[in-house]
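Examining the three-dimensional arrangement
So the chains spell out like this:
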Amino acid sequence: MSFQRRLTSGEFVVLAEMNTPKGVNVSALVANARKIKGRVDAVIVPDMDNGVMRMSALAGGALIHQQGMEAIIHLYCRDRNRMALQGDVLAANFLGIQNLLVVSGEEMANGDHRDAAVVNDLDEVELIGAIKALQNGVDMSGFSLDGTPEFTTGCTLGAFADEKTLDAELADLEKKVAAGASFVVTPPVFDVERFAASLEKIAALNVPVIASVFLLKSVGIARYMSLNEPGAHISEEMIKRIRKAPDREMECLRIAGETIAQLKKRVQGVKIETQGWEHKLPTILGFAGL
Amino acid sequence: MITAERKPMDEIMGMIDGCGRILLVGCNECVTVCAAGGRKEVALLAAGLQMASMKKGRALDVREMTLERQCDPEYVEELAPHIDQVDAVVSMACGCGVQEVARRFKKTPVYPALNTKFMGASEGPGIWAERCQGCGDCLLGLTGGICPIARCAKRLMNGPCGGSTNGKCEIGNDVDCAWHLIWERMKELGIEDRYEDVIAAKDWRTGRGNGPRKILREDLA
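Residues numbered from 1 in each chain as written. Chains lettered and ligands numbered in written order. Predicted model: local features only at pLDDT ≥ 70, side-chain atom pairs only at ≥ 80, totals over all residues.

Let us now look at the overall build of chain B. Helix and strand content of chain B: eight helices and seven strands. Relative to a compact globule of 221 residues, whose C-alpha radius of gyration would be 17 Å, chain B shows 22 Å and is clearly more extended. Along the longest, intermediate and shortest principal axes, the C-alpha atoms of chain B span 65 × 45 × 25 Å. Looking at chain B residue by residue over its 221 residues, the buried ones come to 28%. Partitioning the intrachain contacts of chain B with sequence separation of at least 6 by distance along the chain shows that 57% fall at a separation of at least 24. (Helix = DSSP H or I, 4+ residues; strand = E, 2+ residues; numbered from the N terminus. Rg over C-alpha atoms; globule rule 2.2 N^0.38 Å. Buried ≥ 20, exposed ≤ 12 C-beta atoms within 10 Å, placed from the backbone. Contact = placed C-beta atoms within 7 Å.)

A few words on the overall build of chain A. Each helix and strand counted, chain A has eleven helices and eight strands in total. Relative to the globule expectation of 19 Å for 290 residues, the C-alpha radius of gyration of chain A, 18 Å, shows essentially globular dimensions. Each principal axis of the C-alpha distribution contributes one length, and for chain A these read about 60 × 45 × 45 Å. Within the span of chain A, comprising 290 residues, buried residues form 43% of the whole.

Let us look at the domain arrangement of chain B. Here chain B is described as being made up of domain 1 (2-117) and domain 2 (133-207). Averaged C-alpha coordinates put domain 1 of chain B and domain 2 of chain B at centres separated by 37 Å. (Domains from an automatic or database assignment.)

So, about the sheet that holds strand 5 (residues 152-156) of chain A. Residues and elements named next belong to chain A. Taken in spatial order, the eight strands line up as 1-2-3-4-5-6-7-8 and close into a barrel, and their pairing is parallel. In this sheet, adjacent strand axes meet at a mean angle of 25° when their direction is disregarded. Here strand 7 (residues 209-214) pairs with strand 8 (residues 269-273) via five bridges, running parallel. Bridge pairing links V213 to I272 in strand 8. (Pairing = 2+ DSSP bridges. Axes fitted to C-alpha atoms, helices over the stretch in contact; angles between N-to-C directions.)

Ranked by internal contacts, the top residues of the largest apolar core, which has 77 residues, are L15(A), V43(A), I73(A) and V102(A). Broken down by element, this core gets its largest block of residues, six residues, from helix 10 (residues 248-264) of chain A. Setting aside its immediate chain neighbours within four residues, V43(A) contacts A16(A), M18(A), A33(A), I64(A), M69(A) and A71(A). Counting 33 residues, the second largest nonpolar core, distinct from the first, contains I12(B), L23(B), C94(B) and V101(B). (Core = buried A, V, L, I, M, F, W, Y, C linked by C-beta atoms within 7 Å.)

A few words on the environment of V175(B). Residues and elements named next belong to chain B. Among the structural elements, V175 can be located in the loop between helix 7 (148-151) and helix 8 (178-189). Taking the C-beta count within 10 Å as the criterion, V175 has 15 such neighbours and is therefore assigned partly exposed. Separated by 13 residues in sequence, V175 and E188 place their C-alpha atoms 21 Å apart. Residue contacts for V175: discarding those within four places in its chain leaves K168 and C169.

A positive phi angle, near 55°, is found at N206(A), a position not held by glycine. Tracing the backbone shows N206(A) in the loop between helix 7 (192-203) and strand 7. Using a count of 6 C-beta atoms within 10 Å as the deciding quantity, one classes N206(A) as exposed. At N166(B), a position not held by glycine, the phi torsion is positive, near 50°. Examined against the element boundaries, N166(B) turns out to sit in the loop between helix 7 and helix 8. By C-beta crowding, N166(B) is classed as exposed, having 7 other C-beta atoms within 10 Å.

All names here are of chain A. In this model, helix 4 (residues 82-94) (13 residues) spans 18 Å end to end at C-alpha, consistent with the 18 Å of a helix rising 1.5 Å per residue. Of all the residues in helix 4, the buried ones are L85, Q86, D88, V89 and A92. Viewed along the axis of helix 4, the buried residues span an arc of 160°, placing them on a single side of the element. Among the exposed residues of helix 4, those oriented more than 90 degrees off its buried face are M83 and F94. At its buried positions, helix 4 is contacted by helix 3 (57-66), strand 3 (71-75), strand 4 (99-102) and helix 5 (124-135). Residue G96 follows helix 4 closely and has a positive phi angle near 90°. (Expected span 1.5 Å × (residues − 1). Arc of directions from axis to C-beta.)

Before going further, it helps to examine the confidence of the model for chain B. Low pLDDT means the predicted atomic positions in that stretch should not be read closely. When pLDDT is averaged along chain B, the result is 96; 100% of the residues meet or exceed 70. Here the predicted complex scores 0.92 on pTM and 0.87 on ipTM. (pLDDT = per-residue confidence, 0-100.)

Where strands meet in a sheet, backbone hydrogen bonds hold them as pairs that are either parallel or antiparallel. All names here are of chain B. Here we have three strands laid out as an open sheet, ordered 1-6-7, and antiparallel in their pairing. A strand with exactly one partner marks an edge of an open sheet, and here the two such strands are strand 1 (2-6) and strand 7 (127-132). Here the average twist between neighbouring strands, direction ignored, is 70°. Pairing of strand 1 with strand 6 (residues 114-124), which is carried by five bridges, proceeds in the antiparallel orientation. The partner of I2 across the bridge, within strand 6, is M119.

All names here are of chain A. Burial analysis of strand 1 (residues 13-17) places five of its five residues in the buried class, which makes it a mostly covered element. Side chains of strand 1 alternate between two faces, with V13, L15 and E17 and V14 and A16 buried alike. Sheet analysis places strand 1 next to strand 8, joined by four bridges and oriented parallel. Looking across to strand 8, one finds that V14 is bridged to V270. The pairing of strand 1 with strand 2 (residues 42-45) spans three bridges and is parallel. By the bridge assignment for strand 2, E17 is matched with I44.

The subject of this paragraph is helix 2 (residues 27-35) of chain A. All names here are of chain A. When helix 2 is considered as a whole, its buried residues turn out to be L29, N32 and A33. End-on, the buried residues of helix 2 take up no more than an arc of 100°, which puts them together on one face. Opposite its buried face, helix 2 presents the exposed residues S27, A31 and R34, each directed more than 90 degrees away. Looking at the buried residues of helix 2, the elements they touch are strand 2, helix 3 and helix 11 (281-288).

Right, dumping it as structure tokens:
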């Protein structure tokens, strides 16, 4: 069953994030994707994730499609104007990519091409609207298309540390949903019980919610996230659990798997982010009982 | 200077719809020079707004002021005694001035009467043309004093695109090809050999690549 059909029928969806290479060697991407074929519903391919120049998501999505898997590619406005974005959307359809996730681009200052010019011709709401228009057969200038694309388009909920910032992010989310987004991906969830309280507000928008599960790869990363990401809510207990584990790496994978299992009862799906450990996805899925 | 043009009357009227009394504020700097928002333009717009309001059967009290500079807090403060007596401020400054007034007076709406256009120079009576985009890392020393960022339609850094004809840009006969101007200027200066120097891909961090910019002069702060 396709990702879109699972979403509309209320089935739980499992999405795995996989980055394209910084270069043209796609062997690791292909090998890692094949390992989880049949165990995930779609592979999310970010575009220049964290502002790092890589092979574009369009190629990554096409590659995933070639492996007989469904792809969801990131689209964002930092690097492309409305012409390039619309052209890529049409190309994505031609290349067999059925799903798009409109995201916020990382600040150029935080990437590896800090001297690059920033485009930001559109914002996320406008881009979602443009994708919807293309699906209705017209481009942003009102010209008719010869053949219209079809997509399931999602959006993201910005990070929130408290109720006040959640409310502001929800106001933005509402605009994205009104513009045409049909699912939402949340920021990483580490404390499922705490997230459940916010989930009530998010669910009020009546759009399928996919929770991000971020693999904490080490005590250092867990500590860094707890200190620098106010919305992460990583408990001292969790950090201690990783630190005291005989096999810390395995414990990190187990925590991610357990988080997925807990989330399964509460949200429509999960998006697993492994930060370069895509080869560990089968283990995480195993711990999650998937 | 920063150049500007007045917004259409209907748009200004739309912004102040519902206001009975406004403070119309001009600026004595750039927008006076480019005849968009100085004392004279304030008087003209005040009369225009009152006439347009009368046509709609409404009374509009317009108080006129022109500050020395709207982008400077010292002068913006002169509005303080009047601000509580009006429903809104309509600023005839560039976007810098509008925002400075809005920053100072948080409870009063401030509406722009101008569209801020560009940093430019006068080419003759009634003509202003773009000269600078404030990239933050001036390369005029490499290009004979003519900016390809502001004046080349494609912002090309290493010679023309090939679309120019008789020194004019392919976007229109009234636009000079910046690289034609650069070449002619370099010939006049006898530095044609520098034309072959390749300008490296520009570092846009100084030009908003890293977000809103700020200058801090510690010797003055």
